[in-house]
Structures are given as structure tokens and as C-alpha cells.
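As a plain string of letters, each chain reads:
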Amino acid sequence: MLNPEKISSSLLLEGDADTAYRDPAAFYRNGVIYLYFTLVESRNGCDPLEFVAMTATRDLIEFSPVRKLTPGDVALNYSSPGNVIEYNGIYYLCCQTYCRENGEKFGNGRSRLQLMHSGDLVNWSEPELIRVKGCDMPEKEMGRMIDPYLFRAPGEKRFRCFYKQNGCSVSTSPDLVNWTPLGHFDCGENVSVVSDRPGHYLLYHSPDNGIGCKESGDLEHWKDRGAPLTLGQAEWPWASGRLTAGTVLDLRESHDCILLFFHGSGGSGEEECFDNYASLGVAWSKDFIHWKWK
């Protein structure tokens with residue numbers, strides 16, 4: 001049974017010299033939290049390989065073995081799962097390509113948004129391009145875009161895809177296939193959107209450090225809400241370089257809590273670790289305001 005107060009540490013999956021865990025996404029179904037993330041392997045001096053990977057847990061204490069969901073290819077580097085949504089009885093998971101075939105530290109201009117589908121949350125299809133600029137735009141003209149997040153507000157028929165391009169860009173779709181660009185606004189990366197009460201929305205994102213929060217009544221006009229969250233970063237060596245990529249899982253109906261997953265990396269400033277020593281962590285709340293951790 002899930003009770004965050006019973007966990008002994010906010011550190012869930014710990015990176016090392018050969019491994020990084022980044023960009024968490026979480027989905028809850030039938031007592032199980034499915035945790036998706038970027039898995040980076042950088043071994044034997046080879047170019048780092050990135051994968052969308054997953055584990056599952058019922059209590060945030062014991063986790064299933066890490067499972068890779070995408071192939072290893074430095075020219076694709078499937079990564080940064082945004083979230084899972086259910087539509088017409090099928091689960092959909094959005095992610096990105098983070099192309100680094102020329103030895104780049106960060107994904108190059110070919111990086112694009114991708115969508116996978118599943119019937120069981122464990123076995124997933126091959127990723128397919130999300131044409132957020134419209135079906136008629138050639139892929140080569142879409143520009144660099146990363147960190148997708150899918151959201152459909154209660155009572156709405158259209159989906160929104162938030163993604164990093166020109167700040168945060170937004171496109172809408174009635175069916176996850178046909179997309180129309182809506183616009184963009186100033187924002188950090190790794191967006192996560194949740195409705196904290198009817199007609200009101202919170203958007204979590206990543207500034208230079210910490211987890212920022214914006215709020216809106218219409219999903220179009222956003223204003224900052226408080227200072228970025230840094231949680232227990234000052235006490236966590238594993239997050240001393242940067243704390244980032246927060247995503248919220250609202251479990252108020254089933255467990256009277258809200259979970260905030262994120263990743264922390266070692267190092268500091270320009271020496272922040274990226275392809276190793278990045279770890280997944282968790283904090284929790286009952287009201288989206290007061291957060292606890294260990």
C-alpha cells in the first residue's frame with residue numbers, strides 16, 4: 001500500500017559513473033505506479049546511449065527491474081518521456097528523439113517529438129513522429145523540439161501537446177494524429193500540467209535550477225506562482241549540481257497525496273553531470289503547496 005511517509009529516502013533510482021536516470025514520467029493504475037524515465041548508458045568511452053525505460057512500484061520502496069522500451073541508437077536517442085494518457089482504451093506515451101550522432105552534448109536540430117502506444121503499460125509500440133506543426137509540414141522544416149507533454153482538460157474533447165520550442169509551444173488535436181499549432185509562451189523545459197481544482201491549472205517546468213510553477217484559468221495565459229522548488233537539494237549530494245524535470249502525479253482520490261517526481265544531478269555549474277550521476281527522486285504533498293521529502 002502506498003504511503004510516502006514510510007519511505008526511507010527521497011532517492012529512488014541512483015545514477016553512477018556509467019548510468020544516469022533523468023526526466024521522470026508517472027502513471028497510476030490499479031494500485032501500481034508505472035515510472036518512465038530517460039536511461040543513459042555511457043560505458044567504455046563510447047558515445048552515451050539514451051533509452052526510454054521504465055520500472056513499476058506499489059509503495060515507492062520496492063521496484064521492478066528496469067526495462068528498456070526503445071532501441072539504442074545515438075542518431076535517435078529516444079528519451080524524455082512526458083506522460084501517459086489513456087484514449088479509446090489505449091495508453092499513449094509521448095517522448096522525444098535526442099539526436100547526438102556527431103558527438104554533441106545536447107540533442108541537435110533533428111530532435112523531434114514521438115508517440116508510442118500500449119495495451120498494458122509495459123509493452124510499447126515503436127515511436128512515431130508527432131506532427132505538432134500540422135500533417136502537411138515536412139519533418140525537416142519542423143525545427144528542434146523536445147520534452148513533450150500531453151494534456152486534455154476535464155470536459156474538453158481536444159488534446160494539447162506542450163513542448164520545448166520558442167519557450168513552451170502548444171498544439172491541439174482531436175485525435176492525437178491531426179495537430180494545429182496554437183502558440184507559445186515563456187517557460188522552462190520539461191513541462192508537466194495538472195488541474196488542482198475545477199477550472200484551474202498548474203504547470204510545472206524547469207528553469208536553470210529547481211522546479212518552477214505557473215498557474216492559469218484557461219491553459220493559455222500563465223503567470224508564475226512562487227519561487228522555484230528546490231526541496232531538499234541543499235542536503236542531497238546526488239542533486240548538488242541541479243534539481244530539475246519535475247512531474248506531478250495527482251493521487252488525491254486514491255491515496256490522499258500528490259507525488260512530485262524529479263531528477264537530481266551531481267556536480268555544480270558548468271560541471272553538472274548529464275550522462276552519468278543523475279538520479280530520480282520524489283517528494284509529496286496534500287495541497288500542491290507544502291512539500292515533504294526525506
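Residues numbered from 1 in each chain as written. Predicted model: local features only at pLDDT ≥ 70, side-chain atom pairs only at ≥ 80, totals over all residues. Heavy atoms only, no water.

A closer look at the nonpolar core
If you look at the biggest cluster of nonpolar residues, it comprises 21 residues, and the most contacted ones within it are Ile33, Phe37, Leu60, Leu259 and Phe261. Elements with a contribution of two residues or more to this core: strand 1 (11–13), strand 2 (19–29), strand 3 (32–41), strand 4 (49–57), strand 19 (242–251), strand 20 (257–265) and strand 21 (278–285). A total of four residues in this core trace back to one element, the largest contributor, which is strand 3. Those residues in contact with Phe261, other than ones at most four positions away along the chain, are Leu12, Pro24, Ala26, Ile33, Leu35, Leu60, Ala245, Gly246, Thr247, Leu249, Gly281 and Val282. (Core = buried A, V, L, I, M, F, W, Y, C linked by side-chain atoms within 4.5 Å. Buried < 20%, exposed > 50% of the residue type's maximum accessible area, 1.4 Å probe, protein only. Helix = DSSP H or I, 4+ residues; strand = E, 2+ residues; numbered from the N terminus. Contact = heavy atoms within 4.5 Å.)

Re the sheet that holds strand 11 (residues 146–151)
Read from one edge to the other, the open sheet built from four strands follows the order 11-12-13-14, with strand pairing classed as antiparallel. Taken across any chain shown, the strands that pair with only one partner, and hence form the sheet edges, are strand 11 and strand 14 (180–185). Sheet twist, expressed as the average angle between the axes of neighbouring strands with direction ignored, equals 25°. Bridging between strand 13 (residues 168–173) and strand 14 involves five bridges; their strand directions are antiparallel. (Pairing = 2+ DSSP bridges. Axes fitted to C-alpha atoms, helices over the stretch in contact; angles between N-to-C directions.)

Some details on the sheet that holds strand 15 (residues 189–197)
Strand order in the open sheet formed by four strands is 15-16-17-18, with antiparallel pairing between adjacent strands. Because the sheet does not close on itself, it has two edges, and the strands there are strand 15 and strand 18 (223–224). Bridging between strand 17 (residues 212–216) and strand 18 involves two bridges; their strand directions are antiparallel. Within the sheet, the bridge partner assigned to Glu215 lies in strand 18 and is Lys223.

Looking at the pairing of strand 7 (residues 84–87)
Direction of pairing for strand 7 relative to strand 8 (residues 90–97): antiparallel, over a ladder of four bridges. Each residue of the ladder has a partner; that of Tyr87, found in strand 8, is Ile90. Hairpin geometry of strand 7 and strand 8 is characterised by an intervening segment of two residues between the two adjacent antiparallel strands and by a positive phi of about 55° at Asn88.

Side note on the packing of aromatic side chains
Enumeration according to the criterion identifies 13 aromatic pairs in this entry. Between Tyr87 and Tyr92 the ring centres are 6.4 Å apart and the planes differ by 50°, which places this aromatic pair in the tilted class. Both residues of the pair, Tyr87 and Tyr92, belong to the buried class. Ring plane angle 75° and centroid distance 6.5 Å describe the contact between Trp236 and Trp293, whose orientation is recorded as edge-to-face. You can see Trp236 sitting in the loop between strand 18 and strand 19 and its partner Trp293 sitting in the segment after strand 22 (291–292), a full 57 residues away along the chain. Overall, the relative accessible area of 32% leaves Trp293 in the partly exposed class. Put simply, the rings of Trp236, Trp238, Phe262 and Trp293 touch in pairs and so form one group of aromatic residues. Taking NZ or CZ as reference, Arg22 lies 4.0 Å from the ring centre of Phe274, over its face. (Phe/Tyr/Trp six-rings, centres within 6.5 Å; stacked < 30°, edge-to-face > 60°. Lys NZ or Arg CZ within 6 Å of the ring centre and 35° of its normal.)

Points about the environment of Phe261
Along the chain, Phe261 turns up in strand 20. Between the C-alpha atom of Phe261 and that of Val282, which follows or precedes it by 21 residues, the distance is 4.5 Å.

Focus: the pattern of salt bridges
For the coordinates displayed, the defined rule picks out 16 salt bridges. We note a salt bridge from Arg22 to Asp23, for which the minimum N-O separation is 3.9 Å. Asp23 carries the same exposure label as Arg22, and that label is buried. The closest approach of N and O atoms between Lys68 and Glu41, which form a salt bridge, is 3.1 Å. In this pair, Lys68 is assigned in strand 5 (residues 67–68) and Glu41 in strand 3, connecting sequence segments 27 residues apart. (Salt bridge = Lys/Arg side-chain N within 4 Å of Asp/Glu carboxyl O.)

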